[in-house]
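Listed below, chain by chain, are the residues.
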There are 2 protein chains.
Amino acid sequence: MKSEQKPQDIEQTLISRLRDKGYKLTPQRREIIRILARDESHPGAMDILREVRKILPRISMSTVYYTLDMLKKEGFIKELEFYDTENRYDINVSDHINLVCTTCGKITDFMSDVHSFSESVEKETGFRPARMRFEYYGICRNCAGRNGR
Amino acid sequence: MKSEQKPQDIEQTLISRLRDKGYKLTPQRREIIRILARDESHPGAMDILREVRKILPRISMSTVYYTLDMLKKEGFIKELEFYDTENRYDINVSDHINLVCTTCGKITDFMSDVHSFSESVEKETGFRPARMRFEYYGICRNCAGRNGR
DNA sequence: TTCATAATCGGAATGATTCCTACTTATAGG
DNA sequence: CCTATAAGTAGGAATCATTCCGATTATGAA
Ligand SMILES: [Mn+2]
Ligand SMILES: [Mn+2]
Ligand SMILES: [Zn+2]
Ligand SMILES: [Zn+2]
């Protein structure tokens, strides 16, 4: 149910891919990437800002957004959009289902073969799917255990 | 691939259900409901405002949001949230996949048995799904036909 | 018809994200 | 090592859909 690679591998892969593409490797970028690779909870921009500031206290929110935008454009992360709370960022760019806990806010991955759908969608409707967003909202095991059944 | 009921039936059902619950049936509400029941494109709040104003020129955006919020709370519509564009409203409250065209912005329904997932999610992870959001982003038949292939 | 109060209206406030500008820095080539 | 400069960063203003607020209006029960 987890991403296949280790955080450190993801981190190193990302860094060398950015270097190859000619991006400058600033401490800000390295730190943001490090957090994204390790944080399984699909953090938001503010979460990332808070974390990075433990190491780089003067980093600005602008830089966080600028970097996330760049990683997004390069296809290294996915942005999960919510209107009633800040967007969340997902280092797992493969197609999968995100399980959003409405109690604690944590988001976890559910890897599953989800592709059967996209074929029948195109066959039956003519709509050509490019990317998907599958989410379940509910109560995570942790929160269910705490109180009530 | 369409909703089973006719727009007029949906409209009447909604109105009597609101009456039963003690809501006041104002012209504003009737008109908003009429539009939601007929508009297959999953309109946004501004779309709805524009449409309603053809009949009720003085209706305010506040009222549109207030009414949508009420219908949402009562479970009569679903809100689809996007961060980079206004939210869209779906009269189809059953579980289904929404196909979002990234070219023209239209959203269409794809009814499909989607329930197989939720069982395995709970069995394998302990996460208890309450509601779902499944979307494909891509090019609709109409837009694909226009140019390219 | 009267009345209580739910609904409406217009506008201000909110807050995440984007935009703008000036300053700083990482890297490549000499 | 030094320097030039394109790229990146910081800080703050602007944006814009949505929410909130106080004053006014109108629905529906009595
Ligand atoms: Mn994920
Ligand atoms: Mn729909
Ligand atoms: Zn939880
Ligand atoms: Zn289209």
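Calculation notes
Residues numbered from 1 in each chain as written. Chains lettered and ligands numbered in written order. Predicted model: local features only at pLDDT ≥ 70, side-chain atom pairs only at ≥ 80, totals over all residues. Heavy atoms only, no water. Contact = heavy atoms within 4.5 Å. Buried area = accessible area lost by both parts, 1.4 Å probe. Salt bridge = Lys/Arg side-chain N within 4 Å of Asp/Glu carboxyl O. Polar contact = N/O pair within 3.5 Å; in protein donor to acceptor, adjacent residues only side chain to side chain. Helix = DSSP H or I, 4+ residues; strand = E, 2+ residues; numbered from the N terminus. Nonpolar A, V, L, I, M, F, W, Y, C, P; charged D, E, K, R; others polar. Pairing = 2+ DSSP bridges. Near = heavy atom within 4 Å. Donors = N, O, S within 2.8 Å, 3.2 Å for Na, K, Ca; no water. Tetrahedral: all angles 85-135°; square planar, octahedral: opposite > 155°, others 65-115°. Buried < 20%, exposed > 50% of the residue type's maximum accessible area, 1.4 Å probe, protein only.

Considering the interface of chain B and chain A
On the side of chain A, 40 residues touch chain B, which itself brings 40 residues to the contact. Between chain B and chain A the total buried area reaches about 3,700 Å² when both faces are included, carbon and sulfur atoms providing 62% of it. On the chain B side of the contact with chain A, Tyr83(B), Phe127(B) and Tyr136(B) bury the most area, a combined 21% of that side's loss. Our count for the chain B to chain A interface comes out at zero salt bridges. Taken together, the connections running from chain B to chain A amount to twelve residue pairs in polar contact (both at pLDDT 80 or more). It is strand β5 (residues 128–139) of chain B that contributes the most residues to the side of chain B that touches chain A, twelve residues altogether. Looking at side-chain class alone, the side of chain B that touches chain A contains 21 nonpolar, seven polar and twelve charged residues. Looking at chain direction, strand β5 (residues 128–139) of chain A and β5(B) are connected through eleven bridges and run antiparallel. Opposite Arg131(A), over in β5(B), you have Tyr137(B) as the bridge partner.

Focus: the protein's contact with DNA strand C
Among the 21 residues in the neighbourhood of DNA strand C, the closest are listed as Tyr65(A), Thr26(B), Arg29(B), Arg58(B) and Thr63(B). A share of 73% is what sugar and phosphate atoms reach among the atoms of DNA strand C within 4 Å of the protein. Within the side chain of Thr63(B), a nitrogen or oxygen atom sits 2.4 Å from a phosphate oxygen of DNA strand C. Going through the elements one at a time, α4 (61–73) of chain A together with α2 (27–38) and α4 (61–73) of chain B are the ones with two or more residues in the surface near DNA strand C. Residue contributions to the surface near DNA strand C peak at four residues, all from α4(B). Taken together, the residues that form the surface near DNA strand C break down as seven nonpolar, nine polar and five charged.

Some details on the coordination of the zinc ion (ligand 3)
Residues and elements named next belong to chain A. Around the zinc ion (ligand 3), the protein contributes the donor atoms Cys101 (SG), Cys104 (SG), Cys140 (SG) and Cys143 (SG), which lie 2.3 to 2.4 Å from the metal centre. One can describe the site at the zinc ion (ligand 3) as tetrahedral: its four donor atoms subtend angles covering 105 to 118° at the metal. In the primary sequence, the donor residues of the zinc ion (ligand 3) line up as C-x2-C-x35-C-x2-C. In this pair, Cys101 sits in strand β3 (residues 97–101) while Cys140 sits in the loop between β5 and α6 (141–146), placing the two residues 39 residues apart along the sequence. For Cys101, a relative accessible area of 2% corresponds to the buried category. The exposure class of Cys140 is buried, given its relative accessible area of 14%.

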